[in-house]
Amino acid sequence: MNFTDATRSRVEISAEADLTHNVRPLLHEIRHALQQLSQTGETHVIDLRRIPMAPGEEARILELLGEGEIKATLTVLGRSTIIETAYAGVWIITHYNESDEILGRFIEITDAPAILKSQKEEIALAAAQLFKMLSADQPTKEETRNDSDQS
Amino acid sequence: MTAIKAESRRPADETLGEALRSHGISRRGFLKFCATTASLMALPPAMIPVVASALEKARRPSVIWLSFQECTGCTESLTRSHATTIESLIFDHISLDYHHTLQAASGTAAEAAREAAMRDNHGQYLLIVDGSIPLGNPGYSTIAGVSNLDMLRETAEGAAGIIAIGTCAAYGGLPHAAPNPTGAVSVSEIITDKPIVNVPGCPPIPVVITGVLTHFLTFGTLPELDSIGRPMAFYGQNIHDRCYRRSFYDRGLFAETFDDEGARKGWCLYKLGCKGPVTYNACATTKWNNGTSFPIESGHPCLGCSEPDFWDMGGFYRTLSMPTGHFSTALGYGVAIGAAAGLASALLGRSERDKARSAHEKVSVDDLDKGGSS
Ligand code: SF4
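What you see is a predicted model; the values in this text were computed from it and never measured.

**Quick notes on the interface of chain A and chain B**
It is common to report an interface's size as the accessible area lost on association of the parts.
Here's step 1: Facing 37 residues of chain A, the contacting portion of chain B comprises 35 residues.
Here's step 2: By the criterion of area lost to chain B, the three top residues of chain A are Arg49(A), Arg50(A) and Leu77(A), representing 24% of everything that side buries.
Here's step 3: In this assembly, chain A and chain B are joined by zero salt bridges.
Here's step 4: The tally of links from chain A across to chain B stands at 16 residue pairs in polar contact (both at pLDDT 80 or more).
Here's step 5: Sorting the residues of the side of chain A that touches chain B by element identifies β1 (44-47), β3 (79-84), β4 (90-96), β5 (102-109) and α3 (120-137) of chain A as the ones contributing at least two each.

Rendered as structure tokens:
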């Protein structure tokens, strides 16, 4: 569970521990959202900052969700990690600041989080930039003639 | 809080979207910024696209921050909110034209900056106040020889809105505690013709302060408020209703002392004086120290610091249901429905309450030594 904030996981409790029982309802919320995603394509986001977690609960939820096949790191405004859990369609997105403190953690139920995809505006810009780069590299007619003279 | 530095100033007509792009922030960076900003403002994730389009167009407001009878704890809290790129981008984007603790200028130059900001942005600037205002004698608290009362009236006149940060500015706070030697009052007891947002807490949670400022920056409006002027997004929920120890309260499992079995097992702190049932704040979800914990999680009862007159609620370690009469004001402002025991004391007669209050006015060293048992 290497993506868990160390400060939050210092008190370990089990899912059966007699505290607020956030673990089970949250997993049910995820299950409902997954059903919705598979039937209608509707996505869902859970902001973990808005839930009154008991010590160790968030770590327990992350532990139960596990890690799947994809782990991506975004490096803008500090690090962000985008991890698909062991349950396809359930992603954990954690945003850090430049001091590596957690700014926010979200559970996204989606086929691919929007932040992972290349952004439309930037795709258009990339095409223009590539065109500009290739045009700058284009040899002039004079250079082409000189090259063939030498050969 | 780098906005005070002259070099961080940007053109007033630059939008936040343009500012982010000129910082070289990518579209993905902007999405991250919007997601964490929406979370900061306690908005549901579904609002992220709305926040994105508002932030794209947000313009740079002028902010004047006045500090009156206060301990600087609110400013300390704010400047210790995670020193992030994201929050500094937000604060780079407000023009903090006057804050006497943070600004480099002092004396005449500082006052000139305040006057210039008031003149140039008349009717549009945001006024932030921390600290209460003494009405007893103008000399109790002055800035550059001007009494707090005069400075507040003068600066509020051209403000678009006022944010009263901390329980002192919002409700009088500690200076207002009985016997209130300086005649301290809140901002809203003086200014009655401007929109005022109360952001109480002793101090308020840092992200609650930045969340309210960000709301103004993002939408150009002040957030929805409860009956005593607090933003619903952060103060709409009762600590007791969101407390992770609530299941113990419901089953009657209480810590009786700070080191008994109940305390060790994390049971409810009601009998140790917890004011969670009469307190509205975001501590149970947002937490403190970058989301690490909050007082109840650390084993200490809630003091109710975001409620009016929390200093006079009859003792921090006194159980709410004990009939002291000192939490009469808090009851007036709203009691958790679940706190049935607390309701009994609402039946106390006014005269009894007044008697209890005046009996409490003279505090000796002995009284202080008795601490919670007083
Ligand atoms: S009384 Fe205090 S500790 Fe007990 S459940 Fe309510 S808020 Fe939590």
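**Quick look at the pattern of salt bridges**
Residue and element names in this part refer to chain B.
Here's step 1: Scanning all chains against the criterion turns up 13 salt bridges over all chains.
Here's step 2: One salt bridge connects lysine 271 with glutamate 256, and the closest N-O pair in it is separated by 3.2 Å. Of this pair, lysine 271 sits in the loop between α14 (261-264) and α15 (283-286) while glutamate 256 sits in the loop between α13 (246-250) and α14, placing them 15 residues apart in sequence.
Here's step 3: Residue lysine 271 is classed as partly exposed on the basis of its relative accessible area of 37%.
Here's step 4: Judged by its relative accessible area of 47%, glutamate 256 is partly exposed.
Here's step 5: Through salt bridges with shared partners, a single network forms among Glu111, Arg114 and Glu154.

**Examining the packing of helix α6 (residues 107-120) of chain B against helix α7 (residues 148-156) of chain B**
Residues and elements named next belong to chain B.
Here's step 1: Their axes nearest at 10 Å, the elements α6 and α7 cross at an angle of 30 degrees. On the basis of their axis angle, the class for α6 and α7 is roughly parallel. Where α6 abuts α7, its residues Glu111, Arg114 and Met118 lie against Met151, Glu154 and Thr155.
Here's step 2: Residues of the contact of α6 with α7, tallied by class, amount to two nonpolar, one polar and three charged.

**Quick notes on the site of the ligand**
Residue and element names in this part refer to chain B.
Here's step 1: Close to the ligand lie 13 residues, the nearest being His240, Cys243, Cys268, Leu269 and Cys274.
Here's step 2: Secondary structure elements with two or more residues in the shell around the ligand: α12 (239-242) and α13.
Here's step 3: Here the shell around the ligand is built from residues that sort into nine nonpolar, two polar and two charged.

**So, the domain arrangement of chain B**
All names here are of chain B.
Here's step 1: Domain boundaries in chain B define domain 1 (61-235) and domain 2 (240-369).
Here's step 2: The interface is formed by 23 residues belonging to domain 1 together with 18 residues belonging to domain 2.
Here's step 3: Both faces considered, domain 1 and domain 2 share a buried interface measuring about 1700 Å² in area, 67% of it formed by carbon and sulfur atoms.
Here's step 4: For the interface between domain 1 and domain 2, the tally reads one salt bridge.
Here's step 5: Where arginine 230 meets glutamate 307, a salt bridge forms, and the shortest distance between an N and an O atom there is 2.8 Å.
Here's step 6: Counting across the domain 1 and domain 2 interface gives six residue pairs in polar contact (both at pLDDT 80 or more).
Here's step 7: Listing elements by their share of the side of domain 1 that touches domain 2, those giving two or more residues are α8 (166-171), α9 (173-176), α10 (206-219) and α11 (232-235).
Here's step 8: Counted by class, the side of domain 1 that touches domain 2 contains 16 nonpolar, six polar and one charged residues.

**So, the state of the cysteines**
Disulfides are covalent bonds that connect the sulfur atoms of two cysteines.
Here's step 1: Across all of its chains, the model carries zero disulfides over all chains by this definition.
Here's step 2: Just so you know, Cys74(B) is unpaired, no disulfide at all, and the nearest cysteine sulfur is the one on Cys71(B), 6.3 Å from it.

**Details of the sheet that holds β5(A)**
Residues and elements named next belong to chain A.
Here's step 1: Taken in spatial order, the five strands line up as β1-β5-β4-β3-β2 in an open sheet, and their pairing is antiparallel. Sheet topology places β1 and β2 (71-75) at the edges, where each strand pairs with a single neighbour. Sheet twist, expressed as the mean angle between neighbouring strand axes with direction ignored, is 20 degrees.
Here's step 2: Across seven bridges, the pairing between β4 and β5 is antiparallel. Counted as the bridge partner of isoleucine 93 is phenylalanine 106 from β5.

The rules behind the values
Residues numbered from 1 in each chain as written. Chains lettered and ligands numbered in written order. Predicted model: local features only at pLDDT ≥ 70, side-chain atom pairs only at ≥ 80, totals over all residues. Heavy atoms only, no water. Contact = heavy atoms within 4.5 Å. Buried area = accessible area lost by both parts, 1.4 Å probe. Salt bridge = Lys/Arg side-chain N within 4 Å of Asp/Glu carboxyl O. Polar contact = N/O pair within 3.5 Å; in protein donor to acceptor, adjacent residues only side chain to side chain. Helix = DSSP H or I, 4+ residues; strand = E, 2+ residues; numbered from the N terminus. Buried < 20%, exposed > 50% of the residue type's maximum accessible area, 1.4 Å probe, protein only. Axes fitted to C-alpha atoms, helices over the stretch in contact; angles between N-to-C directions. Parallel < 35°, antiparallel > 145°, perpendicular 65-115°, else oblique. Nonpolar A, V, L, I, M, F, W, Y, C, P; charged D, E, K, R; others polar. Near = heavy atom within 4 Å. Domains from an automatic or database assignment. Disulfide = S-S within 2.5 Å. Pairing = 2+ DSSP bridges.

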